Amino acid sequence: MVTETELEILDQIDALNEKIRQTEAYRHYCKYRTLLEQDEEMAGLIDQFTRLKMDFEEVQRFGKYHPDFSTKRREINQFKKKLDMHPVIMEYRRAEYQLQEMLDEVLYHVSISVSSHVNVVSSNPFFSVSSDSGGCATGGSCGCQSAG
């Protein structure tokens, strides 16, 4: 059964989601995601990369003993570099990183407002729990009382 407090929290989460959707980082991400999904050139490049990747995975099953292993690996690496250097891909990844960075920061602030010992999972080391602190999940001494 959902309590009134839980409903209030869900309403506040909806309001936070709406505020995030109004940010420049979110709009920038959506713009480049749409470009990536709708651009025919990008779709062709992504399809070609997918085919190369599937070919390489088939060869990779046999490892370096397959006669085409080095050729296929070089081919996929060169194509991936070409794909990664495409302006739309570069901007998409930059926008994705900026949005993720903002979401990590929001999660961090929400988490520490609940407890300073909450383990925040993030790719950003700024939001990692420092070694001198930590809770149950980090192996630190959080001061929790066992239920026994």
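As the structure is a computational prediction, the values presented were derived from the model and not from experiment.

### Describing the nonpolar core
In this structure, Y29, L36 and M42 are the most contacted members of the largest nonpolar core, which totals 19 residues. Put simply, the parts of the chain that give this core at least two residues each are α2 (24–38), α3 (40–60), α4 (69–84) and α5 (87–114). Ranked by residue count, the leading element in this core is α3, at six residues. Sequence-distant contacts of L36, that is, excluding residues within four places in its chain, are made with M42, I46, V88, I89 and Y92.

### Description of α3
Over its 21 residues, α3 extends 30 Å from the first C-alpha to the last, a length consistent with the 30 Å expected when each residue adds 1.5 Å. All buried positions along α3 are accounted for by M42, L45, F49, L52, F56 and V59. All buried residues of α3 fall inside an arc of 105° around its axis, so they share one side. Turned more than 90 degrees away from the buried face of α3 sit E40, R51 and M54, all of them exposed. Those residues of α3 that are buried are in contact with α2, α4 and α5. Capping of α3 at its N-terminal end is provided by D39; its side-chain oxygen lies 3.1 Å from the backbone amide nitrogen of E41.

### A word on the pattern of salt bridges
Two side chains bearing opposite charge may form a pair once their charged atoms approach each other closely. Using the criterion set out here, one finds seven salt bridges in the structure. Salt-bridge contacts for R33 lead to E37; the nearest nitrogen and oxygen are separated by 3.9 Å. Placement of both R33 and E37 in helix α2 is noted, with a separation of four residues, approximately one turn of the helix. The exposure class assigned to E37 is exposed, which follows from its relative accessible area of 57%. A salt bridge links E91 to R94; the nearest nitrogen and oxygen atoms lie 3.4 Å apart. Remark: R94 and E91 occur in helix α5; sequence separation between them is three residues, near one turn of the helix. E91 gets classed as partly exposed once you look at its relative accessible area, which sits at 22%. A relative accessible area of 40% places R94 in the partly exposed class. One network of salt bridges, with partners in common, ties together K80, D84 and R93.

Rules of the game
Numbers given for residues are sequential positions, taken from 1 along each chain in its written order. Local features in this predicted model are restricted to residues of pLDDT 70 or higher, and side-chain atom pairs are both shown and tallied only at a pLDDT of 80 or more, whereas totals for entire chains, interfaces and linings draw on every residue. Working from all heavy atoms in the structure, the side-chain values ignore hydrogens and water. Only buried Ala, Val, Leu, Ile, Met, Phe, Trp, Tyr and Cys residues count toward a nonpolar core, and they belong to the same one when joined by side-chain atoms within 4.5 Å. With a 1.4 Å probe rolled over the protein chains alone, any residue whose accessible area is under 20% of its type maximum counts as buried; one over 50% counts as exposed, and the rest are partly exposed. Strands are runs of DSSP state E lasting at least 2 residues, helices are runs of H or I lasting at least 4, and numbering of each runs from the N terminus. Contact between two residues is taken to exist if any of their heavy atoms lie within 4.5 Å; hydrogens are not considered. How far a helix is expected to stretch is found by multiplying one less than its residue total by 1.5 Å. Taking the helix axis as origin, the arc is that swept by the directions to the C-beta atoms. Any N or O atom pair separated by 3.5 Å or less is treated as a polar contact, with the protein-specific requirement of one donor-capable and one acceptor-capable atom, and with residues adjacent in sequence counted only for side-chain atom pairs. The term salt bridge refers to a side-chain nitrogen of Lys or Arg lying within 4 Å of a carboxyl oxygen of Asp or Glu.

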